[in-house]
Amino acid sequence: MSDLLAAAVDGLTATSAVPASANRPPLPALSWRDGEILRDGAPYRILAGSVHYFRVHPDQWEDRLRRLAATGANTVDTYVAWNFHERAEGDVRFDGWRDIERFVRLAGDLGLDVFVRPSPYICAEWSNGGIPHWLSGRVESLRTSDPAFLAAVDAWYDELIPRLVPLQAAYGGPIVAVQVENEYGSFGSDAGYLAYLRDGLRSRGVIEMLTTADGITADMIEHGSVAGAMTTFTFGTGVAAAVELRRDREALMCSELWGGWFDHWGERHHVRSASSMSGTAGELLDAGGSVSVYMAHGGTNFGLWNGANHDRVLQPTVTSYDSDAPIGEDGTLNDKFYALRALFAPFHAGELPAIPAAPRRQAAASAPLSPVRPLLELVRSLPATGVATPRPQTFEQLGAEDGLVAYEAQESFGRDAELTIDGLHDRATVLLDDERLGTLERDGVTSLALPATGGSGVLTIVVESLGRINYGPYTGEGKGIMRGVMIGRRLVNGWTHRVVPQDVPDAAPSRPASDGVAVASLDVAEPLDAWLAFPGGSKGMAWLNGFLLGRYWKVGPQETLYAPAPLWRQGANEIVVLDTDGLGMSVEIREHPSFGETEEFIGS
């Protein structure tokens, strides 16, 4: 055991839920010494893959974990997405899909250790990097020693950590490692914040090995590491750099070896060849390192949980998180799976677990998509949120997590007037009375001409958040209309707001239109996995039997939405879409996914 880890364990206060020996506290399963990870005093390798419980339907957790075990992995690593558990402040949920304890126990039952990477921040191309929108809406200095931020973290950890403590290996559970913070060295330089998180984990009963994770630069390692936690690396290639940067006596580990990559809307689908992935993984293992493949199984950004990057412009992430992983979005095994199995096999004394059968899929089918309610009529049917305000409110001020908010004001204007949205986050459909005037975008056109003759009417602006930024200095940035709406040089005042819920929209027949709500019904003989496509659709969201699958967008690359078997029922199934730009004519079940045109890409 390292001296730092020994000191941390010696100073541990045991929790009442897991009483320690009167003579000494329980010991962690893993430790590091002289450049090696040890288990029961013997050199040990972590052979892990990332599987996120929040991106996989809970009825399919076991299937995906069995597939991971069949690669020869001995460990599953998962983030814990704070905002997935506490969508509204104080309403912390650990039931159903959010039952992290069940996921951990299930992994243990299948013979896998668990590497837990808890909040407060996870990145993960997940909305807001896992930080709740209600917190980022009021705290400016996220991921620092800001007292307001730390108070919220403490309240969250008081709920989360006691659930994980009894599941540690020290008490017979599968958790063998816990991450303190995630890639902090590329974000900030508050050493006291990292120490606070480390101490908070220990004081709440975490015994197992602590880690940090950062990219392969000296600056990132300096600012992302903390005493008592083993430094690990994240990279696509870069084993030699990691060896050079490894801190004294710490073991070599890549906690995110990027075997694939995620996609943004409007880009190509990113892939990485099996030979490229296995080449880097093999180099790491040959150097004596441990590894976690990110992602082993990517899963799906169901609902509106996708995040976004910002590199001079907003880059929203698509609904699929397939990530060209060894285990595909529906559990399909590809060449990378077999390459990984070959790499991991020599580290096992016996046979690897049997390879599960291929997933079954529904046969191709289609059904007409019937328009039933225009977008404008839908938003006007919703109750106003709060009272009218002089200037437009942000999503955070309105308590809106994500999706759509309609802004409405009565306005008059002169000839040749122009409307401008100052601080549009992210995309707006602008209507005057019943006439659609156009679409504005944050990093594109943010102004449009009003009717040239002048006039007056009800101005409605439907703003969509395309995904909350999950990485970099803009993490936590707000959504909606951030500053104001102007006609010419003057501000428009007197705004009513209507938050469009993420529940399935009311599909009661009204009148058909080119945008808005449409419905379809698909009959299936057996609930199986399926891929749904919306040919001709422009920019929308889709619900299957009341469950929000996610977004589709004609800009691609993603062309199909994954609809897992547990969401289907035998017989009739209702599909509802809400398209802000232009409805298609049908919905299709396709037998294979389409992620769009590909390009080879290796994260760096």
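Cut-off values and rules
Every residue gets a number counted from 1 within its own chain, in the order that chain's sequence is written. Per-residue local features are limited, in this predicted model, to residues with pLDDT of at least 70; the limit for side-chain atom pairs, both in listing and counting, is 80 or more; totals at the level of whole chains, interfaces and linings are taken over all residues. Each side-chain value is derived from all of the structure's non-hydrogen atoms; neither hydrogens nor water enter the calculation. The secondary structure listing takes helices from DSSP runs of H or I that are at least 4 residues long and strands from runs of E that are at least 2 residues long, numbered from the N terminus. Each residue's exposure class comes from its accessible area (1.4 Å probe, protein chains only) as a fraction of the maximum for that residue type: buried when under 20%, exposed when over 50%, partly exposed otherwise. It only takes one pair of heavy atoms within 4.5 Å for two residues to be counted as in contact. Salt bridges are defined by distance alone: a side-chain nitrogen of Lys or Arg within 4 Å of a carboxyl oxygen of Asp or Glu. Here pLDDT means the predictor's own confidence in every residue, given as a number from 0 to 100. For cavity detection a 1 Å grid was placed over the protein atoms alone, and a set of points counts as a cavity when a 1.4 Å probe fits there but cannot get out; an open set counts as a pocket when protein lies on both sides within 12 Å along at least five of seven lines, with lining residues being those that have an atom within 4 Å of a point. Grid points are joined across faces, edges and corners, and a volume is the space filled by probe spheres set on the points. Only Asp, Glu, Lys and Arg are considered charged, only Ala, Val, Leu, Ile, Met, Phe, Trp, Tyr, Cys and Pro nonpolar, and every remaining residue, Gly among them, polar. Axis angles are defined between N-to-C directions and span 0 to 180 degrees, where every axis is a line fitted to C-alpha atoms and, for a helix, only to the segment in contact. What sets the label is the angle itself: under 35 degrees gives roughly parallel, over 145 gives roughly antiparallel, 65 to 115 gives roughly perpendicular, and the rest give oblique. It is the rotation of the near helix from the far one that decides the hand of a crossing: anticlockwise by less than a right angle makes it left-handed, clockwise makes it right-handed.

Asks: Honestly, the environment of S412 in this entry has me stumped. Any pointers?
Replies: Structurally, S412 is set in strand 17 (residues 404-413). Judged by relative accessible area, S412 falls into the partly exposed class, the value being 43%. Leaving out residues up to four positions away in the same chain, S412 has contacts with G455, S456, I487 and R490.

Asks: Is there a simple way to explain unusual backbone geometry in this structure?
Replies: Backbone phi values are negative for most residues with the exception of glycine, while trans is the configuration of most peptide bonds. That bond from S119 to P120 is cis: its omega, 15 degrees, falls within 30 degrees of zero. Counting through the fold element by element, P120 comes out in the loop between strand 6 (113-117) and helix 5 (133-136). Backbone torsion omega between Y294 and M295 reads -5 degrees, so that peptide bond is classified as cis. If you trace the backbone, M295 turns up in strand 12 (residues 290-297). Unusually for a residue other than glycine, N128 sits at a positive phi of about 60 degrees. Inspection of the secondary structure assignment puts N128 in the loop between strand 6 and helix 5. Relative accessible area serves as the criterion here: at 1%, N128 is assigned to the buried category. Positive phi, normally seen in glycine, also occurs at S323, with a value near 60 degrees. The class for S323 is buried, based on a relative accessible area of 7%.

Asks: How do you make sense of the pattern of salt bridges when you look at a structure like this?
Replies: When their charged atoms lie close together, side chains carrying opposite charge are able to pair. Scanning the entire structure with this criterion turns up 40 salt bridges. As a salt-bridge pair, E401 and R87 come within 2.5 Å of each other at their nearest N and O atoms. Of this pair, E401 sits in the loop between helix 13 (395-398) and strand 17 while R87 is found in the loop between helix 3 (82-85) and helix 4 (100-109), placing the two residues 314 residues apart along the sequence. In this structure R87 comes out as partly exposed when scored by relative accessible area, which is 35%. Of the charged contacts in the structure, one is a salt bridge between K479 and D426, with a shortest N-O distance of 2.6 Å. Taken together, the positions of K479 in the loop between strand 23 (468-469) and strand 24 (480-487) and D426 in the loop between strand 18 (418-425) and strand 19 (427-432) put the pair 53 residues apart, joining distant regions of the chain. Like K479, the residue D426 is buried in the burial classification. Through salt bridges with shared partners, a single ionic network connects R427, R436, E441, D515 and D581.

Asks: What is the right way to look at the confidence of the model for the protein in this model?
Replies: Regions with low pLDDT carry predicted coordinates that are not meant to be interpreted in detail. Summing up the model confidence of the protein, the mean pLDDT is 95 and the portion of residues at 70 or higher is 96%. Every residue in residues 1-16 scores below 50 in pLDDT, and together they form 32 contacts with partners more than four places removed in sequence or on other chains.

Asks: Help me understand empty space enclosed by the protein, please; the structure alone is not making it clear to me.
Replies: In this approach, a probe sized like a water molecule rolls over the atoms, and the result shows the empty space that is left. Summed over all chains, the structure comprises six cavities of 30 Å³ or more. Of all elements in the fold, only helix 6 (147-164) and strand 7 (175-182) reach the threshold of two or more residues within the lining of the largest cavity. For the lining of the largest cavity, the residue count by class is eight nonpolar, one polar and no charged.

Asks: Mind showing me how you'd approach the packing of helix 10 (residues 274-286) against helix 11 (residues 335-344) here?
Replies: Between two packed helices, the angle of one axis relative to the other and the distance separating the axes together describe the packing. Close contact between helix 10 and helix 11 brings their axes to 9 Å; oriented N to C, the two are set at 20 degrees. Here helix 10 lies roughly parallel to helix 11, going by the angle between them. Remark: the crossing between helix 10 and helix 11 carries right-handed chirality. Facing helix 10, whose interface residues are A274, M277, S278, A281, G282 and L285, helix 11 presents D335, K336, A339, L340, L343 and F344. When its residues are assigned to classes, the contact of helix 10 with helix 11 shows eight nonpolar, two polar and two charged.

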